[in-house]
Amino acid sequence: MIPPESRRNARVTAVEDSMLLSLSIQDYQYCLSCSTGNYVQERVAFLASLDRAGLAGLDEADLRTMATHLKEESHMGEQVILRQGAEVDRVVLVKSGFCRVVRELHP
């Protein structure tokens, strides 16, 4: 789903105090191929509730595996979380709060 050595197409900035769940690119790729273990139901429910466009094709077992690797991050308002042009090293999901995504057409 994420090509090797990908670059971000936009910058994400916390607009207000925000709680994010992140998954390293290595863990993301691992999760797509694993489906064993005992998982945190809250995070599975969160993943299952998302707009499935970004998680299209993932079944319940994949969501459970992914949930075990999520790490919480807190960010304050106006803090840059991801920079456009930076290497894609993780998938970030907004659990609470609000983030603005800005894509410069000619960076």
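All values derive from a computational prediction rather than experimental measurement.

A. Structural view of the sheet that holds strand β6 (residues 99-102). Strand order across the open sheet formed by three strands is β4-β1-β6, with antiparallel pairing between neighbours. Because the sheet does not close on itself, it has two edges, and the strands there are β4 (80-82) and β6. Strand-to-strand, the axes of this sheet are offset by a mean angle of 30°, without reference to chain direction. Bridging between strand β1 (residues 11-14) and β6 involves four bridges; their strand directions are antiparallel.

B. Structural context of the pattern of salt bridges. On inspection of all chains with the given rule, the structure shows eight salt bridges. Close ionic contact of Glu-78 with Arg-100 constitutes a salt bridge, the shortest N to O distance being 3.3 Å. Linking Glu-78 in the loop between β3 (71-75) and β4 with Arg-100 in strand β6, this pair joins segments that are 22 residues apart in sequence. The salt bridge partner of Asp-89 is Arg-90, with a shortest N-O separation of 3.9 Å.

C. Looking closely at the nonpolar core. Ranked by internal contacts, the top residues of the largest apolar core, which has 15 residues, are Leu-47, Leu-55, Met-66 and Leu-70. When contributions to this core are tallied by element, the ones reaching two or more residues are β2 (18-24), α1 (25-33), α2 (41-49) and α3 (60-69). With sequence-adjacent residues up to four places away left out, Leu-70 is seen in contact with Leu-21, Ser-22, Leu-23, Arg-43, Leu-47 and Leu-93. Grouped together as the second largest cluster of nonpolar side chains are six residues, Val-12, Leu-20, Ile-81 and Leu-82 included.

Rules behind the numbers
- Residues numbered from 1 in each chain as written.
- Predicted model: local features only at pLDDT ≥ 70, side-chain atom pairs only at ≥ 80, totals over all residues.
- Heavy atoms only, no water.
- Pairing = 2+ DSSP bridges.
- Helix = DSSP H or I, 4+ residues; strand = E, 2+ residues; numbered from the N terminus.
- Axes fitted to C-alpha atoms, helices over the stretch in contact; angles between N-to-C directions.
- Salt bridge = Lys/Arg side-chain N within 4 Å of Asp/Glu carboxyl O.
- Core = buried A, V, L, I, M, F, W, Y, C linked by side-chain atoms within 4.5 Å.
- Buried < 20%, exposed > 50% of the residue type's maximum accessible area, 1.4 Å probe, protein only.
- Contact = heavy atoms within 4.5 Å.

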